[in-house]
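One-letter residues, chain by chain:
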Amino acid sequence: MTEAKIVDSHCHLDFPDFDDERPAIIQRALDAGVERMVTICTRLRLEPQVRAIAEAHAPVFFAAGTHPMSAADEPLASTDELIALAQHPKFVGIGETGLDYHYTSDSAEVQQTSLRIHIAAARETKLPLIIHARAADDDMAQILTEEYANGAYTCVMHCFSSSASLAKAALDLGFYLSMSGIAAFPKSRELRDIFAAAPIDRILVETDSPYLAPPPHRGKRNEPAYTAHTAKVGAELFDMSYADFAAQTTANFDRLFWKASA
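Residues numbered from 1 in each chain as written. Predicted model: local features only at pLDDT ≥ 70, side-chain atom pairs only at ≥ 80, totals over all residues. Heavy atoms only, no water.

*Asks:* Explain the pattern of salt bridges here, please?
*Replies:* Close approach of charged atoms allows side chains of opposite charge to pair. Summed over the entire model, instances satisfying the criterion amount to 16 salt bridges. Taking the shortest distance from any N to any O, the salt bridge between Arg43 and Glu74 comes out at 2.6 Å. One end of the pair, Arg43, is in the loop between β2 (34–41) and α2 (47–56); the other, Glu74, is in the loop between β3 (60–64) and α3 (79–85), and 31 residues separate them in sequence. Shared partners join several salt bridges into a network, and the residues in it are Glu21, Arg28, Arg221 and Glu223. (Salt bridge = Lys/Arg side-chain N within 4 Å of Asp/Glu carboxyl O. Helix = DSSP H or I, 4+ residues; strand = E, 2+ residues; numbered from the N terminus.)

If you want it as structure tokens, here you go:
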């Protein structure tokens, strides 16, 4: 699409959707100008295979945590365990963690406990917290704000598609909002307005692949190369050239994900 370089700040390259094709998928991303990718481990017992993907491919970095929808099914992480994993040179973030009451509201209490453990690890390691938030805006804003008062940490609201009030709470704490393919869907005008009101120096882009492919690939398997389609929408939203938007969001990524900075 362009020679401008961008970063897919959140994908899931370990998922079986990509089996037998990972090198080709990573090459397609590079060809599309996606120079770096952060692949996210959602269950800590799978961390070794996620780490192996990052070790095998220079453009790939990784993060690990317990996804809130898995919090009741997986052993509770410890802060020490997360801090130990973070010693790896390509381990760049804590999570994804967070709250999801859409399908898993019955595990709200363990999700909140898990989230606070991940926040403590982010605070200790100085690595960014990677937040998944769905149908839990009030609790999410409250916990993030409470915990920040206990000691500063950095954070990205991954695949942000929540309310303007949660966006404001996150931005007021100095956190970042990440645009996924959802922001490129035709019916996501309200979400695009939330992004457009945010400071441009707090915006990241991602795929969350294999999910949420942006147009023109909507409904198909998503992959890191498609970050470029979401970034194109972002550039239009901020009335910037694609190259300028790519440069800005990459600078934002380097500031937040300092261990993966170019």
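*Asks:* Explain unusual backbone geometry to me, please; I cannot follow it from the model alone.
*Replies:* Peptide bonds are, in most cases, trans, and in most cases residues other than glycine have a negative phi. Residue Pro210 is reached from Ser209 by a cis peptide bond, and omega for that bond is 20 degrees. Locating Pro210 in the fold gives a position in the loop between β8 (203–205) and α8 (227–237). Here the bond from Pro215 into Pro216 is cis, since omega is 10 degrees, no more than 30 degrees from zero. Secondary-structure assignment places Pro216 in the loop between β8 and α8. Positioned with a positive phi, Asp208 is a non-glycine residue whose angle comes to about 55 degrees. Tracing the sequence through the fold places Asp208 in the loop between β8 and α8.

*Asks:* Got a minute to help me understand the pairing of strand β5 (residues 129–134) in this structure?
*Replies:* Where a strand is regular, its side chains alternate between the two sheet faces. Here β5 lies mainly inside the structure; five of its six residues are buried. The pairing of strand β4 (residues 91–100) with β5 spans five bridges and is classified as parallel. Among the inter-strand pairings, Gly98 is bridged to a residue of β5, identified as His132. In this fold, the crossover linking β4 to β5 by way of helix α4 (residues 108–125) has right-handed handedness. In the sheet, β5 pairs with strand β6 (residues 155–157) via three bridges, with the strands oriented parallel. Within β6, the residue paired with Ile131 across the bridge is Met157. Handedness of the β5-helix α5 (residues 137–150)-β6 crossover: right-handed. (Buried < 20%, exposed > 50% of the residue type's maximum accessible area, 1.4 Å probe, protein only. Pairing = 2+ DSSP bridges. Right-handed = clockwise from strand over helix to strand, strands pointing away.)

Shape is all these values report; function is a separate question.
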